[in-house]
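Fold and contact review
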Amino acid sequence: MTTTPSDHKSSVRHEFTKQADTYAAAAMVADPLRVARLVRAVAPAQHDRVIEVATGPGYVAMGFAAVCREVVGLDLTKAPLVIAARIGRERGLSNLRFQLGDAERLPFADGEFDAAVCRWAFHHFEDPPLVLAEMVRVTRAGGIVAVEDSMVSEHPDRAAYHNRFEHLRDSSHTRGYPLSRLLTLFAAAGLDVEHVSTEQLTQHVEGWLAGARTPDDRATQTRALIERDERDDLSGTHPFRRNGDLCFTQRTAIVVGRKLTRR
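A brief structural summary. Counting from 1, residues in each chain are numbered in the order their sequence is written. Reporting of local features is limited, given that this is a predicted model, to residues whose pLDDT is at least 70; pairs of side-chain atoms are given and counted only at 80 or more, and all residues count toward the totals for whole chains, interfaces and linings. Each side-chain value is derived from all of the structure's non-hydrogen atoms; neither hydrogens nor water enter the calculation.

Moving on: the packing of helix α8 (residues 156-169) against helix α11 (residues 216-232). One way to put it is that α8 packs onto α11 with a least axis distance of 8 Å and a crossing angle of 155°. Classified by the interaxial angle, the pair formed by α8 and α11 is roughly antiparallel. The two elements α8 and α11 meet at a crossing, and its hand is left-handed. For the pair formed by α8 and α11, the contact residues are Y161, R164, F165, H167, L168 and R169 on the first element and R218, Q221, T222, L225, I226, R228 and D229 on the second. In this count, Pro and Cys sit with the nonpolar residues alongside Ala, Val, Leu, Ile, Met, Phe, Trp and Tyr, while Asp, Glu, Lys and Arg are called charged and the others, Gly among them, polar. The class makeup of the residues in the contact of α8 with α11 is five nonpolar, three polar and five charged. Every axis corresponds to a line fitted to the C-alpha atoms, with the helix fit spanning only the stretch in contact, and the corresponding angles, defined between N-to-C directions, vary from 0 to 180 degrees. Here a helix means four or more residues in a row that DSSP labels H or I, a strand means two or more in a row labelled E, and each is numbered from the N terminus. Roughly parallel means an angle under 35 degrees; roughly antiparallel, over 145; roughly perpendicular, 65 to 115; everything else is oblique. For any helix crossing, the convention is left-handed if the near helix is rotated counterclockwise from the far helix by under a right angle, and right-handed if that rotation is clockwise. In this analysis, two residues are considered to be in contact whenever any of their non-hydrogen atoms come within 4.5 Å of each other.

A separate point is the packing of helix α10 (residues 205-212) against α11. Helix-helix packing is characterised by the crossing angle of the two axes and by the distance between the axes. In the contact formed by α10 and α11, the axes pass within 11 Å of each other and the chain directions differ by 150°. In this view, α10 runs roughly antiparallel relative to α11, as classed from their interaxial angle. Considering only the axes of α10 and α11, their crossing is right-handed. Seen from α10, the contacting residues are V205, E206, W208 and L209; seen from α11, they are A219, T222, R223 and I226. Grouping the constituent residues of the contact of α10 with α11 by class yields five nonpolar, one polar and two charged.

Let us now look at the pattern of salt bridges. Each reported salt bridge corresponds to a side-chain nitrogen of Lys or Arg within 4 Å of a carboxyl oxygen of Asp or Glu. Scanning the model with the defined rule gives 18 salt bridges in all. The salt bridge involving E230 is made with R241; its shortest N-O contact spans 3.2 Å. With E230 in helix α11 and R241 in strand β7 (residues 240-242), this pair connects stretches of sequence that are eleven residues apart. On the basis of relative accessibility, which here comes to 29%, the residue E230 falls in the partly exposed class. Each residue is placed in one exposure class: buried if its accessible area under a 1.4 Å probe, protein chains only, is under 20% of its type's maximum, exposed if it is over 50%, and partly exposed if it falls in between.

What follows deals with the environment of H167. As for its position among the elements, H167 is in helix α8. Measuring from C-alpha to C-alpha, the distance between H167 and T222 comes to 8.9 Å, with 55 residues separating the pair along the chain. Apart from residues lying up to four places away in sequence, H167 is in contact with H173 and R218. Within the structure, H167 has its side chain in polar contact with the backbone oxygen of H173 (distance 2.8 Å). Polar contacts here mean pairs of N or O atoms no more than 3.5 Å apart (in protein, one a potential hydrogen donor and the other a potential acceptor; neighbouring residues in sequence count only if both atoms are side-chain atoms).

For the rest of this paragraph, the subject is the pairing of strand β8 (residues 245-259). Within β8, twelve of the 15 residues are buried, leaving the element largely enclosed by the surrounding structure. Strands are treated as partners if at least two bridges between them are detected by DSSP. As judged from the eight bridges shared by strand β5 (residues 139-151) and β8, these two strands associate in the antiparallel manner. Following the sheet pairing, M151 is matched in β8 by R251. With three bridges joining them, β7 and β8 adopt antiparallel strand pairing. Looking at β8, one finds that R241 is bridged to L246. Count of turn residues in the β7/β8 antiparallel hairpin: two residues, of which N243 carries a positive phi of about 55°.

Here it is, written out as structure tokens:
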């Protein structure tokens, strides 16, 4: 049965309410060095206003708030925003606020921000081109739009296999994109790409499943797909064993574009 957008957003709310605490504690999410890398790629000015779309526990928004005039973190789900607001208060960030909102209909005026960023969320969106268009809309001409996300293979059959086990692990996963597709989306949205960087992360399968609190039956299916991938090289994630534990390689990319002043 086809999932409607409203059903999918319910799935996102369910998953990230369930995962809120474990996701906020995940090293890949909370790591200040990774946050700083994204901030450096965007290179905001001190007077800039920045929006982070799908902020989750807010670490990226806080990273920008440390160097910018004002930051808004927006998310579809309340539970991670509660965590984000608490951590923001603990860090004494008075130029930062968090609010509920839909990334497909950002509640802000055209050109209201100097930069719009989104990390680790495009693979959860039902309509990533629409979200990117909204990020561009609320960014001023000449401003910056940046996306960081996991990537899948450029080969459709390998990408489909990867997306299949990602969705089993977390039902709110829609699809990961190959880097070429993300670059095409940036151009179509009226952005000039100014920066691209990639990285490879090691995912330990049991911790990765535990972080999403994947139900036992789906976790069993996910392991089976990754174990088959380990034998047959089906996704490009190159599963391997480290001290007996099943792992795989997750590729990520940061893409930064500047909004065209004319179209």
